[in-house]
Protein chains: 2
Amino acid sequence: MKLKELAEKLSLSQTTVSRALNGYPEVNEATRERVNKAALKFGYSANANARRLAMGRVGAIGLVIPADSSQRFGPHTAEFLAGLAERLARDEIDFLLSPIVDNDEISVYKRLISSKRVDAIIVSGPVLVDERVSMLLDANFPFVLHGRTNIEKPHAWLDIDNQGAFYQAASHLIDLGHRHIAMIDGLRGFTFSEHRELGYRQALGERGIEIDPRFIVHDYFSDEIGFRETQRLLACTPQPTAIIAGSMMTALGVARAVRNNGYQLGKQISLITHDDVFPYLNASNMVPSMTTTRSSMRSAATRIAEILVRVLDGEPLHKIHELWPVELIVRQSSGPPVSR
Amino acid sequence: MKLKELAEKLSLSQTTVSRALNGYPEVNEATRERVNKAALKFGYSANANARRLAMGRVGAIGLVIPADSSQRFGPHTAEFLAGLAERLARDEIDFLLSPIVDNDEISVYKRLISSKRVDAIIVSGPVLVDERVSMLLDANFPFVLHGRTNIEKPHAWLDIDNQGAFYQAASHLIDLGHRHIAMIDGLRGFTFSEHRELGYRQALGERGIEIDPRFIVHDYFSDEIGFRETQRLLACTPQPTAIIAGSMMTALGVARAVRNNGYQLGKQISLITHDDVFPYLNASNMVPSMTTTRSSMRSAATRIAEILVRVLDGEPLHKIHELWPVELIVRQSSGPPVSR
DNA sequence: TAACCAATCCAAAGCGCTTTGGATGAAAAG
DNA sequence: CTTTTCATCCAAAGCGCTTTGGATTGGTTA
C-alpha cells in the first residue's frame, strides 16, 4: 500500500493525504479523520526511505559500537542503550547501531555521516584527545558526547564527575584511617579512567600519602580482573587495606578474592565501588552491602536522548554541557582498617 | 557531494559513475579506477535513503527492544547485540533498534515492516504462542526467531536446548544423591523458561521424585531475586539441597544467600547455573567454581546474523532450524549432599 | 450583485539514486 | 570495405514521498 493507492481509494490527492497524515493545518478535520481511519484500516505507513529522501531528515540517531569480541560491548553499553531506548521511544526515533568494520572506527563515522542515515550521532567512551570528536566537529555534524575530551572547540557533552567520585571515595577511606589504598579501574587512556585516577591522586596528595604505582591498576571491567588483581595486591608489602573498584563487575572479583584470602569486606579490607546502577546487580543487597559512588548510566543515556530529541527539532547544541555529580553512598563494605 | 556533481567533475554520466561504484561489469576498469579515486577524494558516499528508495533494499535488519525500565533489556540482550554486531560488521549491515512504544509491541513490528526500513527482523524472547511470530508469518516478512514457539507454520529459528539443559542439570544432581532440588528461572510464559521447567520436571519425574511447587520459581534474572528466593527456599521444610539457577545474575544472589546462611556451595547446598557466557563473569573463576550448563548467547547471535546475511542475499529461510545442544560442565559448586 | 477571502484541495516538481533501453565507436569478422 | 559484435557509455524513467505554487469553492463583505 503506497500513498498513491491510498489517495485513490479516498478519492483525494496525494498531497492532501500526505498533509492529513502529517498534521498540516490546511486540511479539513473531517477529511483528516477519514484519511487516518483509512490509513489504519489498510495498514498504510509511509516508506521511510522515500520520506527521508524527500524531507532530508531521518528520524534516527547513530551509535557506533565495537564489533570485535572484546570486552568493550558489555553491560555498560547495554544500560546505555536501554536508557536511550527509554526516551527515544516516545518520539518514535530509532537508533542505528553501526558496527566498527576492520577496526577503522573513524571511517564508520564518516560513512554514517555522508550516507545521511542519521540526524545525529552519539559518541561515547571518549579518550582525552578523541579523533572522532575532532572529526565530527570538522564535519560540523551534530553529535552529543557521553564523557569529555580535552578538545577546546565547543560541543555538547554530558559527563559524570568521575574525578570527584574517586576523590570522594579515596578521601572517605583516608578519613577512616586507611593509608594504603589501591584502585582497579578501566583501561588507561579513556577520559573517565584518567579522571578517576586524577581524583584518586588528588585525595592522596592532599593528605600527604605517597602513591604506590603498584596500587594503580587499569584494565577491563570484569570479575576475573578484579579477582586476579586483588590476589596480587593482597600479596604486596605493604598490603593495601582498601580498594576502589571502577565497576560492579570488578568489585565482584575483588570481593571474591578478599573472601578467598580469609578477610572480611569492611573489616580487614575495605571496598568502594563505582556503581553504574545495573538493575540486576544491587549494591545495597550485597552481603556486606557495598559502599559505592553511584551514578546511573541509564539515566545519563535518557538525558542524552532528551538532548538529542531537541537537536532533531532544530535546537543548536553548541553549548550543552552537563556535569553530573556522583554521590558517595556509605554502606558496610568500607570501615576503619582492622589490624590482623 | 552528490552523484550528479561527482559525475560532472569526472565528465561522466551518473549512470556510469553509479555503475563503477557498485561494481557493475559494463564499465572500463580504468574508468572505474578513476571514479573510485575521485569518490574517495571528494568523500562521496551514496545517500542511503535515495539508494534504498531506488533499490527497494535496505541493508539493515531490525530488532525491537523493550523501552521500559524493566529488566528485559539486560546483559543478555547486550551479549546478543554484541554477537550480531560481530558478524554484521563484515557486510556493513546496520541494525535498527526500535524501542517499543506505548507497550504496543506488535504495532512497532508493523511499523518496521511497512515503513520498509529493514530487510529482515530478528525476534527474540518468544513465548509459546507468540503473536509477533504469527503476525510476521502472515505478513510474509523475512525474520529469524531466536528461540522457538508452538507455531506450526514453517519459519526460521535458532534455539538452544533449554529443556535438555535443565534435564541434564537436574539429572546430575539426582545422580549425586539430591532429592530436594529447586529451580529459579526466568519469567513464566517465555518458551525458554517453560522448556527448562519441562526438563526439570522430566528429570525428577523419571526418577520418581515428587515435585514440590514451592521449589519452582519464575522471576526476573537478578542477583536480588536469587538472594531473596534462596533465603525463602532455605527456610522451607524440607529444605532443598540443590538449586538450579537460570542465569549467572541469579546465581550470584543464590551464592550470597547460601554463604549468608553459613552453608558452603557444593557442600550443604549445590548450585548449577545456566551460563550464557558473559565475558565479564566467568563461571570457572568463581570460588568455588561454578557448575554450569553452558551456551554462548553471543555465538548464537553471531550465527543468527550469519543466517540473516544469507537472507539478505535472497536465500529463502523457511527451513532453517538450528537446535544447539547445551553442555553440562561440572565444577565445584555441585557435589553430593552433605548432612548438616 | 460583484469583489474578496479563507479554507480546502490539487498537479507537478523535486529529493538522489538505480536501472532500462539505447547510442556510440572501435575492433573483429565476412 | 562493409557488416557484426562487443565494450562503453549515456539519457531518461522510475522509486514513494514532501512541498511549492496554484486552482477551486463557498461564504463574506461592501
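Further up the page is the structure itself.
This one's a predicted model, so the numbers in the text were calculated from it and none came from an experiment. (Residues numbered from 1 in each chain as written. Chains lettered and ligands numbered in written order. Predicted model: local features only at pLDDT ≥ 70, side-chain atom pairs only at ≥ 80, totals over all residues. Heavy atoms only, no water.)

A. Local environment of the overall build of chain A. Check the secondary structure of chain A and you find 12 helices and 12 strands. Compactness check: chain A gives a C-alpha radius of gyration of 25 Å against a globular reference of 20 Å for 340 residues, more than 25% above the reference. Counting across all 340 residues of chain A, residues that qualify as buried make up 58%. Distance between charge centres in chain A, computed from 39 positive and 39 negative side chains, equals 4 Å. (Helix = DSSP H or I, 4+ residues; strand = E, 2+ residues; numbered from the N terminus. Rg over C-alpha atoms; globule rule 2.2 N^0.38 Å. Buried < 20%, exposed > 50% of the residue type's maximum accessible area, 1.4 Å probe, protein only. Lys, Arg positive; Asp, Glu negative; His and termini not counted. Charge placed at Lys NZ, Arg CZ, Asp CG, Glu CD.)

B. A look at the protein's contact with DNA strand D. The immediate surroundings of DNA strand D are formed by 27 residues, with Lys2(A), Leu3(A), Arg19(A), Tyr24(A) and Arg19(B) found nearest. Atoms of DNA strand D within 4 Å of the protein belong to the sugar or the phosphate in 60% of instances, the rest to bases. With respect to DNA strand D, the backbone of Leu3(A) contributes an N or O atom lying 2.5 Å from a phosphate oxygen. Backbone polar atom of Ser13(B) to a phosphate oxygen of DNA strand D: 2.6 Å apart, as the coordinates give it. When contributions to the surface near DNA strand D are tallied by element, the ones reaching two or more residues are helix H2 (14–21) and helix H4 (48–55) of chain A together with helix H2 (14–21) and helix H4 (48–55) of chain B. Tallied by class, residues from the surface near DNA strand D come to 11 nonpolar, 11 polar and five charged. (Near = heavy atom within 4 Å. Polar contact = N/O pair within 3.5 Å; in protein donor to acceptor, adjacent residues only side chain to side chain. Nonpolar A, V, L, I, M, F, W, Y, C, P; charged D, E, K, R; others polar.)

C. Quick look at the protein's contact with DNA strand C. Around DNA strand C, a shell composed of 27 residues is seen, among which Lys2(B), Leu3(B), Ser18(B), Arg19(B) and Tyr24(B) lie nearest. Within 4 Å of the protein, the contacting atoms of DNA strand C are drawn from sugar and phosphate to the extent of 60%. Contact distances for DNA strand C include 2.6 Å between a phosphate oxygen and a side-chain N or O atom of Ser18(B). Residue Asn22(B) places a side-chain N or O atom 2.9 Å away from a phosphate oxygen belonging to DNA strand C. For the surface near DNA strand C, the secondary structure elements donating two or more residues are H2 and H4 of chain A together with H2 and H4 of chain B. Each residue belonging to the surface near DNA strand C can be placed in one class, and the counts come to 11 nonpolar, 11 polar and five charged.

D. Broad picture of the relation of the copies chain A and chain B. Of the transformation superimposing chain A on chain B, the axial component is 0.1 Å and the angular component is 180 degrees, with the fit at an RMSD of 0.2 Å. Such a combination of rotation and displacement between the chain copies is what one expects of a two-fold axis. (Least-squares fit on C-alpha atoms with pLDDT ≥ 70 in both.)

E. Quick peek at the packing of H4(A) against H4(B). Their axes nearest at 8 Å, the elements H4(A) and H4(B) cross at an angle of 135 degrees. On the basis of their axis angle, the class for H4(A) and H4(B) is oblique. For the element pair H4(A) and H4(B), the recorded crossing hand is left-handed. For the pair H4(A) and H4(B), contact is made by Asn49(A), Ala50(A), Arg52(A) and Leu53(A) and by Asn49(B), Ala50(B), Arg52(B) and Leu53(B), respectively. (Axes fitted to C-alpha atoms, helices over the stretch in contact; angles between N-to-C directions. Parallel < 35°, antiparallel > 145°, perpendicular 65-115°, else oblique. Left-handed = near helix turned anticlockwise from the far one by under 90°. Contact = heavy atoms within 4.5 Å.)

F. Examining the sheet that holds strand S10 (residues 291–294) of chain A more closely. Residue and element names in this part refer to chain A. The six strands lie next to each other as S7-S6-S8-S9-S10-S12, forming an open sheet whose pairing is mixed. Two strands lie at the open edges of the sheet, namely strand S7 (216–218) and strand S12 (327–329), each paired on one side alone. If you compare each strand with its neighbour and ignore which way they point, the axes differ by 15 degrees on average. The pairing of S10 with S12 spans three bridges and is antiparallel. Its bridge partner lying in S12, Thr293 is registered against Leu328. The strands touched by helix H9 (residues 191–206) within the sheet are strand S6 (181–185), S7, strand S8 (242–245) and strand S9 (270–275), with S6 carrying the most contacts at an inclination of about 175 degrees. (Pairing = 2+ DSSP bridges.)

G. Highlighting the nonpolar core. Counting 104 residues, the largest nonpolar core has Leu84(A) and Leu84(B) as the members making the most contacts within it. Look past the residues within four positions of Leu84(A) in its chain and what remains in contact with it is Leu63(A), Phe95(A), Ile122(A), Ala301(A), Thr302(A), Ile304(A) and Ala305(A). Judged by nonpolar contacts, the second largest core, of 90 residues, contains Ile184(A), Phe215(A), Met286(A) and Leu271(B). (Core = buried A, V, L, I, M, F, W, Y, C linked by side-chain atoms within 4.5 Å.)

H. Summary view of the packing of aromatic side chains. Residue and element names in this part refer to chain A. On inspection of all chains with the given rule, the structure shows six aromatic pairs over all chains. With a centroid separation of 5.9 Å and 45 degrees between ring planes, the pair formed by Phe192 and Phe221 is classed as tilted. Here Phe221 lies in the loop between S7 and helix H10 (223–234) and Phe192 lies in helix H9, a separation of 29 residues in the sequence. On the basis of relative accessible area, Phe192 is assigned to the partly exposed category, the value being 24%. (Phe/Tyr/Trp six-rings, centres within 6.5 Å; stacked < 30°, edge-to-face > 60°.)

I. Spotlight on helix H12 (residues 297–312) of chain A. Residue and element names in this part refer to chain A. Helix length check: H12 (16 residues) gives 22 Å between terminal C-alpha atoms against 22 Å at 1.5 Å per residue, within 8%. Tucked into the core, H12 has its buried residues touching strand S1 (60–65), helix H5 (75–88), strand S3 (120–124), strand S4 (143–146), strand S5 (156–160) and strand S11 (321–324). If you check the start of H12, you find a side-chain oxygen 3.3 Å away from the backbone N of Arg298, and it comes from Ser296. (Expected span 1.5 Å × (residues − 1).)

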